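Structure at a glance
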Amino acid sequence: MQAHLSEDTVRFVYRGEEIATYPRSIGKAPQIDYRHIIASLVRKPGAFARCLYREELFPRPVFRHAFDRLNAIEERKASERYLRLLQLAADFGEDLVADRLGALLRAGELPLADVIEVQLRDPVPATPLALTVFTPELEPYDALIAEVAS
């Protein structure tokens, strides 16, 4: 793979084919997309603790809160458990995982990937709402039309 730098972009080329282009950010905060590195981090969770851009691996505040809760309960396994949550976000979508994390944290439960994965794989079917049929009274409209017509 080759990286081509220009004044305003970074292009990545693999076997003669461009696979990604990103705007170049000189002097700005780093932008790390966890989806690109999560597979490596899951295989070696100890690297997360020493990661230079670790704070960039919390895509939303709820993910940071989840890590803090995991770290407070068992510091030794917190990184591994958090990376599994991040992997679920990459696999199922950040919005869905963030919603489930928020619900678990509000309930005071430990945000474990196994619990969230079960919820994502076997969602509870939504119960349909009981709707009543609205039938409007037409006499007031008839009276209004008669009044306007005269």
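Here, the structure is the one placed above.
The following refers to the structure shown.

Below, the discussion takes up the overall build of the protein. Per the secondary structure count, the protein includes 7 helices and 3 strands. Helices and strands in the protein line up, N terminus first, as β-β-β-α-α-α-α-α-α-α. Since a compact globule built from 150 residues should have a radius of gyration of about 15 Å, the 26 Å found for the protein marks it as more spread out than a globular shape. When each of the 150 residues of the protein is scored for burial, the buried share is 23%. Pairs at least 24 apart in sequence give 46% of the contacts found in the protein among residues at least 6 apart. When the accessible surface of the protein is split by element, carbon and sulfur atoms take 54% of a total near 11,200 Å². Charge-centre separation for the protein: the mean point of 19 positive side chains lies 14 Å from the mean point of 23 negative side chains.

A few words now on the layout of surface pockets. Its boundaries defined by the atoms lining it, the largest pocket holds a volume of some 320 Å³. Taken together, Tyr 22, Pro 23, Ser 25, Ala 29, Pro 30, Gln 31, Ile 32, Asp 33, His 36, Ile 37 and Tyr 53 make up the full set of residues lining the largest pocket. Contributing elements (two or more residues each) for the lining of the largest pocket: β3 (17-23) and α1 (34-43). Of the residues assigned to the lining of the largest pocket, the class counts are 7 nonpolar, 3 polar and 1 charged.

Across its 18 residues, helix α4 (residues 75-92) extends 26 Å between first and last C-alpha, which sits within 8% of the 26 Å expected from 1.5 Å per residue. Listed in full, the buried residues belonging to α4 are Ala 78, Ser 79, Tyr 82, Leu 83, Leu 85, Leu 86, Leu 88 and Ala 89. Here the buried face of α4 lies against α1, α2 (46-49), α3 (61-73), α5 (94-106) and α6 (113-121). Immediately downstream of α4, the backbone of Gly 93 shows phi near 115°, a positive value.

Rules and cut-offs
- Residues numbered from 1 in each chain as written.
- Predicted model: local features only at pLDDT ≥ 70, side-chain atom pairs only at ≥ 80, totals over all residues.
- Heavy atoms only, no water.
- Helix = DSSP H or I, 4+ residues; strand = E, 2+ residues; numbered from the N terminus.
- Rg over C-alpha atoms; globule rule 2.2 N^0.38 Å.
- Buried < 20%, exposed > 50% of the residue type's maximum accessible area, 1.4 Å probe, protein only.
- Contact = heavy atoms within 4.5 Å.
- Areas by Shrake-Rupley, 256 points an atom, 1.4 Å probe, with all protein chains shown as cover.
- Lys, Arg positive; Asp, Glu negative; His and termini not counted.
- Charge placed at Lys NZ, Arg CZ, Asp CG, Glu CD.
- 1 Å grid on protein atoms, 1.4 Å probe; cavity = no way out; pocket = protein on both sides within 12 Å on 5 of 7 lines; lining within 4 Å.
- Points joined across faces, edges and corners; volume = space filled by probe spheres on them.
- Nonpolar A, V, L, I, M, F, W, Y, C, P; charged D, E, K, R; others polar.
- Expected span 1.5 Å × (residues − 1).

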